[in-house]
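Each chain, letter by letter, is given below.
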Amino acid sequence: MTDYEKIDFSPIINLAGDDEVVTHSVARDVRLPSGKVLALITLDNGRDHTRPNTLGPKTLAELGETLATLKARATAGEIQAVGITGKQYILAAGADLSDISKVTSKDDARMIAQLGHKVFGSIGDLGVPSFAFVNGLALGGGLEIALNSTYRTVDASAAAVALPEVFLGLIPGWGGAYLLPNLIGIENALEVVISNPLKQNRMLKPQQAFDLGIMDAIFPAANYLENSLAWADAVLGGKKVERKNEPGKIERLTKWPIAIKMARGMLESKIGTVPKSPYVALDLLEKAKSGTKAEGFAREDEALSDLVVGDQFAASMYAFDLVQKRAKRPVGAPDKALAKKVTKVGIIGAGLMASQFALLFLRRLQVPVLITDIDQARVDKGLAYINDEISKLETKGRLDSDGANKLRALLHGTVDKSEYADCDFVIEAVFEEVGVKQQVFGDIEKIIAEDAILATNTSSLSVEEIGSKLAHPERLVGFHFFNPVAVMPLIEIVKTPATNEQSLSTAFVVAKGLGKNAVLTADAPGFVVNRLLAKVMGEAARAVYEGTPIADVEKAFGPLGLPMGPFQLIDLVGWKVAAHVQDTMVGHFPDRFYANENFHALAELDKVVEKDKGGRVVGWTKAAEKALKGHIGTEPASAATILQRVQDGLAQELKLMLDEGVVPEVEDIDLCLILGAGWPFIDGGASPYLDREGASERVFGSTFHTPPVRGIGS
């Protein structure tokens, strides 16, 4: 086994340089009620809660020195326990990813894993019990500090507890992959290590972490540390700590291999075999059922070093940087001081999309929201849906009764359009047809104030054309949400040649208020996301109409790494919507986009495709086969041909979008695809993937990134 004490870690400590914000580990003695002494380490980087504690090489080295000193004190009998907690609201947000991305060799990468194992492993080898007091956010390495401790408590108000590494193309590499399944059982560990990261990086609430058995005790925020210290004192005095989910021999022999086999099948059906980190994590969890901790740590060292030097981690870091930095400072957004204050929102329409808008505006902006429709029955249906959703949130405990009643009081529905008079921001959610949108805006413009903002949620129509009959077209912006509205984090804000700075600024401020990330785009067909998804769906349809079986087409798109196949996506957004988008794109770019008239015949059917239990499309319904009869060719395309067509088509569209000024830079396209289409982090969006696959070179003789976004080992 690895002797971590003999490794010289100076190369990676020096690599961090002066850039690392060091999280210091300050220890103080706390005398417990019994008279025993607990040395309490507080992790603190000296910044406020907006800059969480992170765990870079210098931080780890300092923590290691502090722990070594405390081990010596424990041996001397000066202390009877060690505790670790964090600054207010935060234990630690995990490794300092900027340091990891600096490594220049696999040896450096391995050393990062080894340093974490050396330091964290010592937490459980101090000669006295160790306690992690998880007083706030604990992600990745932050949670692994707790897992390496003998006992753990958690603050009931902590923001989140998670091992998100798989989401970033990595694995829990400081003990998590071995220690967690041996603490809470294999099924629970699979959920935390693999399933949750793949569900848009889902995290645990403190109560969930306690229920799973990750934490031994949970206490309210008001007296969290005091209660934790008293609990630790009781444990030191002999209080028994029960861990009902800790796996026994029978689970290891029977449940463990079955759970791993089922998880592998589920992964292959849901994400294909392109992403590496989920399968590496799965292998580590499988092997954790037996062997020693030292063996588990050695496996993590090798697994982490392999992933850190690979393309998928490099792409993930590119994507992570986009989401963490660029998304929070939207390129092209005017000064927020220019924004009009929004004190009331109007929504034209009361259908499902409009109702989702209303709920989001109510919850996030907490201002009066008005919905209207062409008759009272539709308005009442919309109001009933919104109130039902508020009640569900109340039942789940996500709203208290006062909060729920406040939202209900802020909501109003009517057929009387005169009530739009005092709205500051009005958005339409009506039928996707230019004439319809022009008419509803024309009616509303006569009622609202001259400086009120109008927004259209069109997915592919020209915003300029929609506003062409307005007396004040400068007040109109595109404000394109993605479905489901509450979940998807992107809004495409569309600027026409007429849109003024106040309207644009207001749109960005409202988007931020809604908790969304906004990207500015020009008024071009399909904007960003739908233009590129139309290319994907069009190439899938082309292959089918040539004669390729639908299941084969779905598989051919697997290497793109999208969250679902093209026909699964079409079935989700709706066949009528997809047919309309394809027609729109072909109408603008007939030489580059594919549509087939028969698509509309399919769109009229109640059910078009058959799916397996995992939601994958496996074939056509009998009704669809009948509708397709006579329209399908006899020259099926190979998987390689289909994939190259879509890769080259996407590369061409990305290049044209940049040349046309649809967005300022290719990073904005990737950001849109990651936030609006679920394009995986491990691809880094589309452009790094297309560079790596050679599509950029094939199409325009160069690459989107110089040098291309690639791992050290490439």
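So, here's what we can say about the structure. (Residues numbered from 1 in each chain as written. Predicted model: local features only at pLDDT ≥ 70, side-chain atom pairs only at ≥ 80, totals over all residues. Heavy atoms only, no water.)

1. Things to note about the packing of helix α20 (residues 529–546) against helix α27 (residues 666–677)
When two helices pack together, their arrangement is given by the angle between the helix axes and the distance between those axes. Between α20 and α27, the least distance of the axes is 9 Å, while the angle of their chain directions is 75°. It follows that α20 is roughly perpendicular to α27 by the angle criterion. Seen from α20, the contacting residues are Val 529, Leu 532 and Leu 533; seen from α27, they are Ile 669, Cys 672, Leu 673, Gly 676 and Ala 677. (Axes fitted to C-alpha atoms, helices over the stretch in contact; angles between N-to-C directions. Helix = DSSP H or I, 4+ residues; strand = E, 2+ residues; numbered from the N terminus. Parallel < 35°, antiparallel > 145°, perpendicular 65-115°, else oblique. Contact = heavy atoms within 4.5 Å.)

2. Quick look at the pairing of strand β11 (residues 369–372)
Because side chains alternate across β11, one face comprises the buried residues Val 369 and Ile 371, and the other comprises Leu 370 and Thr 372, equally buried. Across 4 bridges, the pairing between strand β10 (residues 345–348) and β11 is parallel. By the bridge assignment, Val 345 is partnered in β11 with Val 369. This β-α-β element, β10 to helix α14 (residues 352–365) to β11, shows right-handed connectivity. Bridge count for β11 against strand β12 (residues 411–414) is 4 bridges, and the pairing is parallel. What sits directly across from Ile 371, in β12, is Gly 413. (Buried < 20%, exposed > 50% of the residue type's maximum accessible area, 1.4 Å probe, protein only. Pairing = 2+ DSSP bridges. Right-handed = clockwise from strand over helix to strand, strands pointing away.)

3. Quick notes on the side chain of Thr 521
Relative to the helices and strands, Thr 521 is located in strand β17 (residues 517–522). Here Thr 521 falls in the buried class, since its relative accessible area comes to 2%. Look past the residues within four positions of Thr 521 in its chain and what remains in contact with it is Glu 492, Ile 493, Val 494, Lys 495, Phe 527, Val 528, Val 662 and Val 663.

4. So, α27
With 12 residues, α27 should cover 16 Å at 1.5 Å per step; its first-to-last C-alpha distance of 16 Å lies within 8% of that length. Among the 12 residues in α27, 11 count as buried, and that is most of the element. Buried within α27 we find Val 666, Asp 668, Ile 669, Asp 670, Leu 671, Cys 672, Leu 673, Ile 674, Leu 675, Gly 676 and Ala 677. In the stretch just after α27, Gly 678 is the one whose phi turns positive, near 70°. (Expected span 1.5 Å × (residues − 1).)

5. Side note on the sheet that holds strand β7 (residues 151–155)
An order of β1-β2-β3-β5-β7-β9 is seen for the 6 strands of this open sheet, with the pairing classed as mixed. Edge positions in the sheet fall to β1 (24–31) and β9 (217–219), since each has one partner strand and no second. On average, each strand axis in the sheet is tilted by 20° relative to the strand beside it, whichever way the strands run. Two elements, strand β5 (residues 130–134) and β7, share 4 bridges in a ladder whose sense is parallel. Each residue of the ladder has a partner; that of Val 134, found in β7, is Val 154.

6. Overview of the packing of aromatic side chains
Counted according to the given criterion, the structure contains 16 aromatic pairs. Ring geometry for Phe 131 versus Tyr 151: centroids 5.2 Å apart, planes at 25°, classification stacked. Within this pair, whereas Phe 131 is found in strand β5, its partner Tyr 151 is found in strand β7, the two being separated by 20 residues in sequence. Just as Phe 131 is buried, Tyr 151 falls in that class too. For the ring pair Trp 575 and Trp 620, a centre distance of 6.3 Å and an interplane angle of 55° mean the geometry is tilted. Taken together, the positions of Trp 575 in helix α23 (residues 575–588) and Trp 620 in strand β19 (residues 617–620) put the pair 45 residues apart, joining distant regions of the chain. Summarising the burial analysis for this pair, Trp 575 and Trp 620 share the class buried. Taken together, the ring pairs in this structure connect Phe 357, Phe 361, Phe 425, Phe 479 and Phe 481 into an aromatic cluster. The aromatic ring of Phe 589 is capped on one face by Arg 592, whose charged end is 4.3 Å from the ring centroid. (Phe/Tyr/Trp six-rings, centres within 6.5 Å; stacked < 30°, edge-to-face > 60°. Lys NZ or Arg CZ within 6 Å of the ring centre and 35° of its normal.)

7. Points about the sheet that holds strand β16 (residues 490–495)
Spatially, the 8 strands line up as an open sheet ordered β12-β11-β10-β13-β14-β15-β16-β17, and their pairing is mixed. Lying at the two open borders of the sheet, with one neighbouring strand each, are β12 and β17. Across the sheet, the mean angle from the axis of one strand to that of its neighbour is 25°, orientation sign disregarded. Its contacts with the sheet place α14 against β10, β11, β12 and β13 (425–428), and it is angled at close to 170° to β10.

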